[in-house]
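Listed below, chain by chain, are the residues.
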Amino acid sequence: MERNDTFSLVRFGLVLRKFLVENRTQLLLGAALLLVVMLTCGAFLGFQASEDIAEDQMELASEWIRLVSAAVACIAASMMFGSYNSRGCVTALTLPASALEVFLSRWVVAVPMLLLLCLVCAMAGEAVRVSVGSMVGEETILRVPFADIVRGDNTSRSFIGSLSPLKIMALQSFFLLGSIVWRGRAFAKTVGALFGLGLLLYLVSAGVSVAFLYVRARLPFSFFFSPLSYVPGWVVYAVMLFNYILAFMRLREAETIQRW
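Residues numbered from 1 in each chain as written. Predicted model: local features only at pLDDT ≥ 70, side-chain atom pairs only at ≥ 80, totals over all residues. Heavy atoms only, no water.

Enquirer: Help me out: how do you make sense of the overall build of the protein in this one?
Expert: What the protein contains, in helices and strands, is nine helices and zero strands. When the helices and strands of the protein are read in sequence order from the N terminus, they spell out α-α-α-α-α-α-α-α-α. For the protein, buried positions account for 37% of its 260 residues. Taking as baseline every contact in the protein between residues at least 6 positions apart, the subset at least 24 positions apart corresponds to 75%. Total accessible area on the protein is roughly 15,500 Å²; 68% of this is exposed by carbon and sulfur atoms. (Helix = DSSP H or I, 4+ residues; strand = E, 2+ residues; numbered from the N terminus. Buried < 20%, exposed > 50% of the residue type's maximum accessible area, 1.4 Å probe, protein only. Contact = heavy atoms within 4.5 Å. Areas by Shrake-Rupley, 256 points an atom, 1.4 Å probe, with all protein chains shown as cover.)

Structural data, given as structure tokens:
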């Protein structure tokens, strides 16, 4: 590979294929576990159909799908660069591919392929929920609007119900960055870092609320309970892109100096 040859589509395909082949057992077990979780949730919610009204149950099913998808996405992202923190570090660093090709191969698996897998498993779980609900005698069963979920439409007032694919990607980007920064237990350390960051932002936002105490009439009442909810959406996606850039730069550094 030439030093200036940053990206080759053929070589990228080979790197992606190598990653999928070498980790096929782990990937297949993860996919099977995700399917089991979605089917179990669907069956459980189906049995509860007679106790809730149709609209509430549909909203609950939608929230479970978003929550499970977000959790799986974050856990998977925190494992994407584990080879750079393990005994396979030398093999990973001497791979005849550029940092960009390696990063994109992991990104394709952790983001678009995983989100597509979550959607397929969620649809299977929804089919189980509808079938079980019909078996227990529920006459009216509203199906989860997957088109709205994919588009990111928010039909729920809860935080979980507002999780769109792009917001899940934004949250996942922190764990993707953490997987290449932390030496071990990347998921737990990233959760701790996010908790500390969230606490700091909350204290800052609380200070802003106190600073505007005398102009409360000019601000929305909900601002004083959750000021961070007024952050523009583009800021979230800018943070996601920033995390991707940091992860790529850290990977390129490891490839250049060949040490951790």
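After presenting the structure, the write-up continues.
Enquirer: Is there a simple way to explain the side chain of S62 in this structure?
Expert: Note that S62 resides in helix α3 (residues 54-77). Residues in contact with S62, not counting those within four places in the same chain, are V144 and I149.

Enquirer: Help me understand the packing of helix α2 (residues 24-47) against α3, please; the structure alone is not making it clear to me.
Expert: Packed helices, taken two at a time, are described by the angle their axes make and the gap between the axes. Where α2 meets α3, the closest approach of the two axes is 11 Å, and the angle between their N-to-C directions is 160 degrees. Accordingly, the angle class assigned to the pair α2 and α3 is roughly antiparallel. Where α2 crosses over α3, the handedness of that crossing is right-handed. Between α2 and α3, the residues in contact are L34, V37, M38, C41, L45 and G46 and Q57, L60, A61, W64, I65, V68, S69 and V72, respectively. (Axes fitted to C-alpha atoms, helices over the stretch in contact; angles between N-to-C directions. Parallel < 35°, antiparallel > 145°, perpendicular 65-115°, else oblique. Left-handed = near helix turned anticlockwise from the far one by under 90°.)

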